[in-house]
Amino acid sequence: MNPSPKGFDPIVHAPHRLRICALLDAVDEMEFSVVRDTLGVSDSVLSKQVAVLSEASYVEQRRAVRNTRQRVWLRLTTQGRNAYHHHVAALRSIIGD
């Protein structure tokens, strides 16, 4: 068996990052706090995982003021969405779709 099937992405594969990508794949963008609460992680854990995804150009952050408070919105880039879809396909090939 090939240790890294085509499309397998170690950046996406980490559990929190995989879940972040799955959440963001279903929407245009999602507020940081919603992602945090859905995953059940702290701000610092989510920030660290988003930083890795951002460094890979998989996630973009948009800052905006809402209700007089600074908010951060997250979205998958086209590159991130493609990486996520290819990774899911690779996982399916491993487990036998």
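Residues numbered from 1 in each chain as written. Predicted model: local features only at pLDDT ≥ 70, side-chain atom pairs only at ≥ 80, totals over all residues. Heavy atoms only, no water.

1. Considerations on the pairing of strand 2 (residues 59-66)
As paired strands, strand 2 and strand 3 (residues 69-76) are joined by eight bridges and run antiparallel to one another. Residue pairing in the sheet places glutamate 60 in a bridge with arginine 75 of strand 3. In this structure, the hairpin formed by strand 2 and strand 3 is closed by a connection of two residues, where asparagine 67 is found at a positive phi of approximately 55°. (Pairing = 2+ DSSP bridges. Helix = DSSP H or I, 4+ residues; strand = E, 2+ residues; numbered from the N terminus.)

2. Points about the environment of glutamine 79
Its location among the elements puts glutamine 79 in helix 5 (residues 78-95). For glutamine 79, a relative accessible area of 44% puts it in the partly exposed group. (Buried < 20%, exposed > 50% of the residue type's maximum accessible area, 1.4 Å probe, protein only.)

3. Looking at the sheet that holds strand 1 (residues 30-31)
Across the sheet, three strands lie side by side as 1-3-2; this open sheet has antiparallel pairing. Pairing within the sheet leaves two strands with one partner each, and these edge strands are strand 1 and strand 2. In this fold helix 2 (residues 15-25) packs onto strand 1, strand 2 and strand 3, with an angle of close to 90° to the strand it touches most, strand 3. (Contact = heavy atoms within 4.5 Å. Axes fitted to C-alpha atoms, helices over the stretch in contact; angles between N-to-C directions.)

4. Notes on the pattern of salt bridges
Scanning all chains against the criterion turns up six salt bridges. A salt bridge links arginine 62 to glutamate 29; the nearest nitrogen and oxygen atoms lie 2.5 Å apart. Placement of arginine 62 in strand 2 and of glutamate 29 in the loop between helix 2 and strand 1 is noted, with a sequence separation of 33 residues between them. On the basis of relative accessibility, which here comes to 36%, the residue arginine 62 falls in the partly exposed class. Under the relative-accessibility criterion, glutamate 29 is labelled partly exposed at 29%. One salt bridge connects glutamate 31 with arginine 71, and the closest N-O pair in it is separated by 3.3 Å. (Salt bridge = Lys/Arg side-chain N within 4 Å of Asp/Glu carboxyl O.)

5. Examining the UniProt feature "domain: Winged helix DNA-binding" (unreviewed entry) in the chain
The positions UniProt marks with the feature "domain: Winged helix DNA-binding" (unreviewed entry) are residues 17-95. With 61% helix and 23% strand, the stretch residues 17-95 has end C-alpha atoms that lie 20 Å from each other. (UniProt positions renumbered as here; feature names shortened; annotations may be inferred.)

6. Notes on unusual backbone geometry
Within the chain, serine 57 stands out as a residue other than glycine whose phi angle is a positive 65°. Among the structural elements, serine 57 can be located in the loop between helix 4 (43-55) and strand 2. We classify serine 57 as partly exposed; its relative accessible area is 38%.

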